[in-house]
Amino acid sequence: MIDAWYPVGLISGLTREGRETLLMEQPITVRAGKTGKPEVVTADGRSLPIVERFGHVWTSLGTPEKDLFTIPEADHPERVLVDVGVVRVKCSPLRAVENFLDIAHFPFVHTDILGAEPHTEVEKYDVKIREEEDEVWATKVKFFQPQAAKSAEEGITTEYMYRVPSPTSSVLYKTCPPRPGEWDVICLFVQPLTETLCDVWPWMALFDEDTSMTDLIHFQQLIFLQDRSILENQIPARLPLDPGMETPTRADLTSIAYRRWLKQHGYTYGAELVAQ
Amino acid sequence: MRLNASSPWIPLALSGDIPNGTVIPATLCSKPIAIWRSQSGQVNANGNRCPHRGMRLSHGFVRGETLSCIYHGWRFGQDGACQHIPAHPDVVPPASINCGPLQVAEQDGVIWVAEDQVESQPPRLDGLKPLRSLVFCAEPEAILTASGGTEVDLGVEATLAGTRICLLLQGQAPAETLCLVLVDQATSPKACAEISRALEGIRRRAEGETEKRGAA
Amino acid sequence: MILYDYILSPSCYKVRLMAALIGAPLELRPVDFHPGKEHLGEDLLALNPAGSIPILVDGDLILSESAAMLAYLAGQYAPDWLGEETATSRAMVQQWLAFAHRLTAALGGARLVEMLHGQGDLEALQTAGIAALRELEAALFKRRLDGGTWLVGESITIADVACFPYVALAPDGSISLDPYPSIRLWMRALRGQAGFVEMPGIHRRHELAPDPLTPAEGA
Ligand code: FES
Ligand SMILES: [Fe+2]
């Protein structure tokens, strides 16, 4: 996992003096260099590799074999790109991603916004690990939503696709009410500070000319903060990869695939391998 | 030490703190548990970890005679068995899914929980009524000293504001003790208020003592 | 009446909650507080030089203290929520409104550090927060002894609304609410009030909605 790319700050939030933070327990400083280009340096002065993408600065403590993933859909010029800001959560970075992949919690945690009783059923959907891209994908995920997005006035059945392109990032594609046929892109980029503490940087690329930027930011912050109080109260704090620890059902197929993929690659920072 | 007398029944809450249709977190021998009372008034206790994805069940809610997890709404009955999974409303959950039910007894206004099956009843608390529960950041021994009382099984007996009181003490973590306060049955509401205030004084002294010892 | 509002601000939530509980109309104007720092921009500083939110504007009246907003909303739409008209009751309401500032400083301060990269001495904030919660617990226990549910008098007042948000969100600042049974019962009563609205971190009481597994009566 050391060779993966991780988000460490907003490009728009860079300053000359920089911000001190942690990446997998390593103290690092994220700052704007002399030319304004971002720099990330470790406490012992080592410069780390950098990618600027999706409004964020990305870095790695190791030697990434692959470029950071791309989201071709997000490049469409008419999309509004939304930096949602950072939220710190006392949970495993892997738990934060897994929660993002889950729809069954909508009626209870995002009540009347992303879901509502009695519409709790999760229909069958497709999940697979795409070997070529080495990514986890869930498609044909459908769920009833009372208020699917800021631009949706009333309840509709929304369709989603979920994608995990790197161990602590996830991309969600969801039907876009104002533009049938297109997908809104909502991302969760997670910076692992320690195995049980993370900074979460949500980011969005939407088709929405009518809603103000502030409203868009607030909507996403509202949703993510509702998740935060759940994430900080799961026991154990680290994600159990031991199948006996928790009880997945058919609705959890994405989570099952994500955990399997993590295990396959030895992406275990923030995971619990053996039941305690 | 009788303070640490081993009893299969552990006093963990006062009845009055868990009205019908509520759930609270508690600690049984340093293990997190949830205690809840159904709509009809039945008290139950189980592990605090939802078997689905580990969410604390004490954050959940009570509907009728069942406890629901706040995360995905899985429902558990009084026997701890999962009765309903909202994501699959037509599936009958396998009997193996449960949230770790524990033995619980309600007696003399106190809720007692046992880790294992026990035949006996919890000890009686004759002539006493429950007052309030509070947590001390102190060891039971420091509370004994600060109260100026004497040791009895599971706690301390003392005289406060001229009234006989009993403190049931349960260590929850290092330097963290749950204290269930009982007072003589005949205590007037006015005296109860006075005792409650005096207890805060005992807590200040016990915690001051613990801090000093910690610093030494 | 316009409220300059931020969805994650407990102080803004106080005003939204108050308006919802008494059915007062409120027009919301979202402020990009985080990450945009809009409250420190020229437009909002012109309205409130203190650079804080919420701000409530009603005609010529501009308020920048949430306690004053609660008093104004209650005065306009629900005078009962100001408490009884006795010297003791009025004083107690003021006492709790002032106490709410301590909650904001301590519990709110810890929350900013733990959640939004705020600066501060976390341990000192948490210690002060726990001290305040203990005081509140003791006071609410005393009220229970007298058969009361609310902080002042027989019915809910602006004092309860002023204290509720930061208390309910204490866990955001890594301060546990587990040790406080009387606070738990008081919060439950407040969350059960008609018109109650939630904010992220404060769940609604799902059990109050119809149970989808129980057929509706008469059906
Ligand atoms: S974690 Fe409890 S229902 Fe999913
Ligand atoms: Fe969520």
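Residues numbered from 1 in each chain as written. Chains lettered and ligands numbered in written order. Predicted model: local features only at pLDDT ≥ 70, side-chain atom pairs only at ≥ 80, totals over all residues. Heavy atoms only, no water.

### Focus on the overall build of chain A
The test is simple: To qualify as a helix, a DSSP run of H or I must reach at least 4 residues; to qualify as a strand, a run of E must reach at least 2; elements of each kind are numbered from the N terminus. Only the C-alpha atoms count toward the radius of gyration. The rule for a globule is 2.2 Å times the residue count to the power 0.38. Relative accessibility thresholds used throughout: buried, under 20% of the residue-type maximum; exposed, over 50%; partly exposed, between the two (1.4 Å probe, protein chains only). Whether two residues touch is decided by their heavy atoms; if any such pair falls within 4.5 Å, the residues are in contact. With residues, only the protein chains shown are counted as cover, and all accessible areas are computed by Shrake-Rupley using a 1.4 Å probe.
The helix and strand tally for chain A stands at 4 helices and 16 strands. Against the globule reference of 19 Å for 276 residues, chain A gives a C-alpha radius of gyration of 18 Å, in line with a compact fold. For chain A, the C-alpha atoms occupy an extent of roughly 55 × 50 × 35 Å along the three principal directions. Counting over 276 residues, chain A shows a buried share of 59%. For chain A, the proportion of contacts with a sequence separation of at least 24, taken over those separated by at least 6, is 61%. Carbon and sulfur atoms provide 50% of the accessible area of chain A, an area that totals close to 10900 Å².

### A short note on the interface of chain B and chain C
Interface size is commonly expressed as the accessible surface area that is lost when the partners come together. So the rule is basically this: The quantity reported as buried area is the accessible area (1.4 Å probe) lost by two parts once they are put together, taken as the sum for both. Between Lys or Arg on one side and Asp or Glu on the other, a salt bridge is scored when a side-chain nitrogen of the former is within 4 Å of a carboxyl oxygen of the latter. Pairs of N or O atoms within 3.5 Å make up the polar contacts considered here, provided that, within protein, one atom can donate a hydrogen while the other can accept it, and that residues adjacent in sequence are counted only when both atoms are side-chain atoms. Lys, Arg, Asp and Glu make up the charged group, whereas Ala, Val, Leu, Ile, Met, Phe, Trp, Tyr, Cys and Pro make up the nonpolar group; the residues left over, Gly among them, are polar.
Taken together, the contacts link 26 residues of chain B with 21 residues of chain C. When chain B packs against chain C, close to 2000 Å² is buried across both sides, 58% of that on carbon and sulfur atoms. The largest share of the area that chain B buries against chain C comes from Asp 17, Arg 63 and Arg 132 of chain B, three residues that together contribute 23% of it. Taken together, the links from chain B to chain C amount to 3 salt bridges. Close ionic contact of Arg 144 of chain C with Asp 17 of chain B constitutes a salt bridge, the shortest N to O distance being 2.8 Å. Here chain B and chain C share 5 residue pairs in polar contact (both at pLDDT 80 or more) between them. Counting residues per element, the ones that place at least two in the side of chain B that touches chain C are β2 (22-28), β5 (61-63), β11 (128-136) and α2 (189-215) of chain B. Of the residues forming the side of chain B that touches chain C, the biggest block, 7 residues, is contributed by α2 of chain B. Class assignment for the residues of the side of chain B that touches chain C results in 12 nonpolar, 7 polar and 7 charged.

### A look at the pattern of salt bridges
Here the idea is simple: oppositely charged side chains can pair when their charged atoms come close. Tallied over the full model, the rule gives 37 salt bridges over all chains. Between Glu 246 of chain A and Arg 95 of chain A there is a salt bridge whose closest N-O contact spans 3.0 Å. Highlighted residues: Glu 246 of chain A in the loop between β15 (239-240) and α4 (253-265) and Arg 95 of chain A in helix α1 (residues 93-100), separated in sequence by 151 residues. We note that Glu 246 of chain A, like Arg 95 of chain A, is buried. Salt bridges linked by common partners bring Arg 95, Glu 98, Asp 102, Glu 246, Asp 252 and Arg 259 of chain A together with Arg 53 of chain B together as one network.

### Some thoughts on the domain arrangement of chain C
Residue and element names in this part refer to chain C. Just so we agree on the cut-off: Domains are outlined according to an automatic or database domain assignment.
Domain boundaries in chain C define domain 1 (2-79) and domain 2 (81-193). Look at where the C-alpha atoms of domain 1 and domain 2 centre, and you get two points 20 Å apart. Contact residues are listed per partner, giving 18 residues for domain 1 and 18 residues for domain 2. In terms of surface lost to domain 2, no three residues of domain 1 exceed Pro 10, Lys 14 and Leu 21, which account for 32% of the buried area on that side. Inspection of the domain 1/domain 2 interface yields 0 salt bridges.

### Details of the coordination of the iron ion (ligand 2)
All names here are of chain A. What counts, and what does not: Any N, O or S atom lying within 2.8 Å of the metal counts as a donor, with the limit raised to 3.2 Å for Na, K and Ca; because water is left out of the atom set, some sites can appear incomplete. Metal sites are grouped by the angles between bound donors: all angles between 85 and 135 degrees with four donors is tetrahedral, opposite donors over 155 degrees apart with the others between 65 and 115 is square planar for four donors and octahedral for six, and any other pattern is irregular.
Coordination sphere of the iron ion (ligand 2), protein contribution only: His 105 (NE2), His 110 (NE2), Asp 227 (OD) and Asp 227 (OD), at 2.1 to 2.4 Å. Of note is the iron ion (ligand 2), whose 4 donor atoms meet at the metal with angles of 58 to 149° in an arrangement that counts as irregular. Summarised as a motif, the one-chain spacing of the donors to the iron ion (ligand 2) is H-x4-H-x116-D. Judged on exposure class, the residue His 105 and its partner His 110 are both buried.

### Considerations on the sheet that holds strand β4 (residues 43-47) of chain B
All names here are of chain B. Cut-off, in case you're wondering: Each pair of strands is called paired provided DSSP finds at least two bridges between the two strands. Geometry is summarised by axes, namely lines fitted to C-alpha atoms with helices restricted to the contacting stretch, and by angles between N-to-C directions that run from 0 to 180 degrees.
Spatial strand order, β1-β10-β9-β4-β3-β2: 6 strands in an open sheet with antiparallel pairing. Only two strands of the sheet have a single partner each, and these edge strands are β1 (10-14) and β2. The sheet shows a mean angle of 30° between the axes of neighbouring strands, taken without regard to direction. When β2 meets strand β3 (residues 31-37), the two strands line up antiparallel, connected through 7 bridges. Residue pairing across strands places Thr 22 opposite Arg 37, the latter belonging to β3.

### Observations regarding the domain arrangement of chain A
Residue and element names in this part refer to chain A. Domain boundaries assigned for chain A yield domain 1 (6-59) and domain 2 (72-272). Between the C-alpha centres of domain 1 and domain 2 the distance comes to 25 Å. Facing 16 residues of domain 1, the contacting portion of domain 2 comprises 17 residues. Both faces considered, domain 1 and domain 2 share a buried interface measuring about 1400 Å² in area, 66% of it formed by carbon and sulfur atoms. Across the domain 1-domain 2 interface, the total number found is 0 salt bridges. At the level of elements, β1 (6-10), β2 (19-23) and β6 (56-59) are the ones that each hand at least two residues to the side of domain 1 that touches domain 2. For the side of domain 1 that touches domain 2, the element with the most residues is β1, which contributes 5 residues. Of the residues belonging to the side of domain 1 that touches domain 2, the class tally is 9 nonpolar, 5 polar and 2 charged.

### Description of helix α6 (residues 158-168) of chain C
Owing to its 3.6 residues per turn, the α-helix aligns residues three or four sequence positions apart on the same side. Residues and elements named next belong to chain C. In terms of residue burial, α6 counts as a mostly covered element, since 11 of its 11 residues are buried. Burial in α6 covers these residues: Ile 158, Ala 159, Asp 160, Val 161, Ala 162, Cys 163, Phe 164, Pro 165, Tyr 166, Val 167 and Ala 168. Structurally, α6 contributes buried residues whose contacts are with α1 (10-22), α3 (66-77), α4 (87-116), α5 (122-145) and α7 (181-191).

### Here's the deal with the interface of chain B and chain A
Taken together, the contact pairs 23 residues of chain B with 27 residues of chain A. At the boundary of chain B with chain A, total buried surface from both sides reaches about 2200 Å², with 53% on carbon and sulfur atoms. Our count for the contact surface shared by chain B and chain A stands at 4 salt bridges. Between Arg 63 of chain B and Glu 117 of chain A there is a salt bridge, with the nearest N and O atoms lying 2.8 Å from each other. Our count for the contact surface shared by chain B and chain A stands at 19 residue pairs in polar contact (both at pLDDT 80 or more).

### Let's talk about the nonpolar core
Stated formally: Here, nonpolar core refers to any group of buried Ala, Val, Leu, Ile, Met, Phe, Trp, Tyr and Cys residues whose side-chain atoms link them within 4.5 Å.
Grouped together as the largest cluster of nonpolar side chains are 99 residues, with contacts concentrated most on Tyr 162 and Tyr 258 of chain A. If you tally residues by element for this core, the top one is helix α3 (residues 213-231) of chain A, at 9 residues. Core analysis: the second largest hydrophobic core is formed by 59 residues, Leu 70, Trp 81, Leu 136 and Met 187 of chain C among them.

### What about the packing of α5 of chain C against α7 of chain C?
Residues and elements named next belong to chain C. As a reminder, the rule being used: Any angle between 65 and 115 degrees counts as roughly perpendicular, while under 35 counts as roughly parallel, over 145 as roughly antiparallel, and the rest as oblique.
For the pair α5 and α7, the least separation of the axes is 8 Å and the interaxial angle reads 75°. Relative to α7, the element α5 lies roughly perpendicular. Across the interface between the two elements, Leu 133, Leu 136, Glu 137, Leu 140, Phe 141 and Arg 144 from α5 touch Pro 181, Ser 182, Ile 183, Leu 185 and Trp 186 from α7. A per-class count over the contact of α5 with α7 returns 8 nonpolar, 1 polar and 2 charged.

### What about unusual backbone geometry?
In the segment running from Ile 235 of chain A into Pro 236 of chain A, the intervening peptide bond is cis, with an omega of -5°. Following the sequence through the fold, Pro 236 of chain A ends up in the loop between α3 and β15. Here Ile 53 of chain C and Pro 54 of chain C are connected by a cis peptide whose omega angle stands at 5°. Relative to the helices and strands, Pro 54 of chain C resides in the loop between α2 (42-47) and β3 (55-58). We note that Asp 134 of chain A has phi near 55°; this positive angle belongs to a residue other than glycine. Mapped onto the elements, Asp 134 of chain A comes out in the loop between β9 (126-130) and β10 (135-145). For Ala 161 of chain B, which is not glycine, the phi torsion reads 50° and is therefore positive. Mapped onto the elements of the fold, Ala 161 of chain B is located in the loop between β13 (155-160) and β14 (163-173).

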